[in-house]
Amino acid sequence: MNGVLVPRSASCWVCQKVAVVEDVTVRLFTQDGSRRADYSDAAAYLRATGYSGVSDRTLKRRLAEHARHVEVGLQGGPAAPGSLTRVAPPGPSHWLDVNQNAVDVGNEALGRLHARLDVMEDRELVAVAKLGVTAAQKVGDWEAKGRKLAQVDELIRLASGRVSDPLAIEDDTNEAE
């Protein structure tokens with residue numbers, strides 16, 4: 001495995017502070033993946049990139065910590081637990097079920113608000129009325145989008161030749177007459 005592909009560690013100073021960690025890692029390891037005995041090349045690189053306020057001893061310690069976690073990564077990383085158990089999600093996992101639950105909760109909340117209309121203050125009544133108007137506007141927007149999509153579908157059918165008579169396209173507005 002290549003040492004530069006080892007993921008960053010949250011507890012490693014080099015991984016946290018250095019923008020291009022791979023440039024430090026290649027200076028700490030040889031081509032065959034063994035750790036170099038001398039960290040002077042990596043230390044010189046860090047000094048050249050602006051980390052000059054760190055003592056040589058501290059820098060050497062931080063480079064050694066980085067080299068240790070890279071070695072662990074090269075060896076396959078920390079061992080995973082032997083038996084993994086899958087835990088079911090606490091609620092529904094399918095997005096349709098989640099949306100249905102939200103609708104059910106919303107309907108229950110609206111029912112409770114409706115039951116309290118006679119004891120609500122004016123400010124609360126205005127807020128509930130505004131909620132109703134906003135919901136009605138959303139429904140209107142969705143219906144308008146549905147009509148637009150239906151029109152696009154009809155135009156596609158017409159352009160593809162699926163409708164033989166262009167004047168025979170159904171018009172929903174005249175059904176009530």
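What you see is a predicted model, and the numbers here were worked out from it, not measured in a lab.

J.: Let's hear about the overall build of the protein chain: which residues, and what values?
T.: Along the protein chain, the regular secondary structure elements total six helices and zero strands. Reading the protein chain from its N terminus to its C terminus gives the helix and strand order α-α-α-α-α-α. Taking all 177 residues of the protein chain together, 17% fall into the buried category. Expressed as a percentage of contacts within the protein chain between residues at least 6 apart in sequence, the contacts between residues at least 24 apart total 45%. Carbon and sulfur atoms make up 55% of the accessible area of the protein chain, which amounts to about 13900 Å² in all.

J.: Let's hear about the confidence of the model for the protein chain: which residues, and what values?
T.: Chain-level statistics for the protein chain give a pLDDT mean of 78 and a share of 77% at 70 or above. Within the protein chain, helix α3 (residues 40-48) carries the highest mean pLDDT (89), whereas helix α5 (residues 95-115) carries the lowest (79).

J.: So what's going on with the pattern of salt bridges? Residues and values would help.
T.: Applying the stated rule across the entire model yields five salt bridges. Between R35 and E71 there is a salt bridge; the shortest N-O distance is 2.7 Å. Of this pair, R35 sits in the loop between α2 (21-28) and α3 while E71 sits in helix α4 (residues 56-74), placing them 36 residues apart in sequence. By relative accessible area, which is 24% here, E71 ends up partly exposed. The residue R112 makes a salt bridge to E108 at a minimum N-O spacing of 2.9 Å.

J.: Residue-level account of α3, with values.
T.: For α3, the full list of buried residues reads A42, A43, Y45 and L46. One side of α3 holds all its buried residues, which, seen down the axis, span an arc of 160°. Packing partners of the buried residues in α3 comprise α1 (13-17), α2 and α4. Just downstream of α3 lies G50, where phi reads positive at about 115°.

J.: Describe in detail the packing of aromatic side chains, supporting the description with residues and values.
T.: A full pass over the atoms with the stated rule returns one aromatic pair. With a centroid separation of 5.3 Å and 70° between ring planes, the pair formed by W13 and Y51 is classed as edge-to-face. One end of the pair, W13, is in helix α1; the other, Y51, is in the loop between α3 and α4, and 38 residues separate them in sequence. When its relative accessible area of 13% is taken as the criterion, W13 is described as buried.

J.: Could you give an account of the layout of surface pockets, naming the residues involved and the relevant values?
T.: Within this model, the largest pocket holds a volume of roughly 370 Å³. G106, N107, L110, L131 and A135 are the residues nearest the centre of the largest pocket, which is lined by 15 residues in total. Here the residues of the lining of the largest pocket are counted per class, giving 10 nonpolar, four polar and one charged.

Here is what the cut-offs are and how they apply
Residues numbered from 1 in each chain as written. Predicted model: local features only at pLDDT ≥ 70, side-chain atom pairs only at ≥ 80, totals over all residues. Heavy atoms only, no water. Helix = DSSP H or I, 4+ residues; strand = E, 2+ residues; numbered from the N terminus. Buried < 20%, exposed > 50% of the residue type's maximum accessible area, 1.4 Å probe, protein only. Contact = heavy atoms within 4.5 Å. Areas by Shrake-Rupley, 256 points an atom, 1.4 Å probe, with all protein chains shown as cover. pLDDT = per-residue confidence, 0-100. Salt bridge = Lys/Arg side-chain N within 4 Å of Asp/Glu carboxyl O. Arc of directions from axis to C-beta. Phe/Tyr/Trp six-rings, centres within 6.5 Å; stacked < 30°, edge-to-face > 60°. 1 Å grid on protein atoms, 1.4 Å probe; cavity = no way out; pocket = protein on both sides within 12 Å on 5 of 7 lines; lining within 4 Å. Points joined across faces, edges and corners; volume = space filled by probe spheres on them. Nonpolar A, V, L, I, M, F, W, Y, C, P; charged D, E, K, R; others polar.

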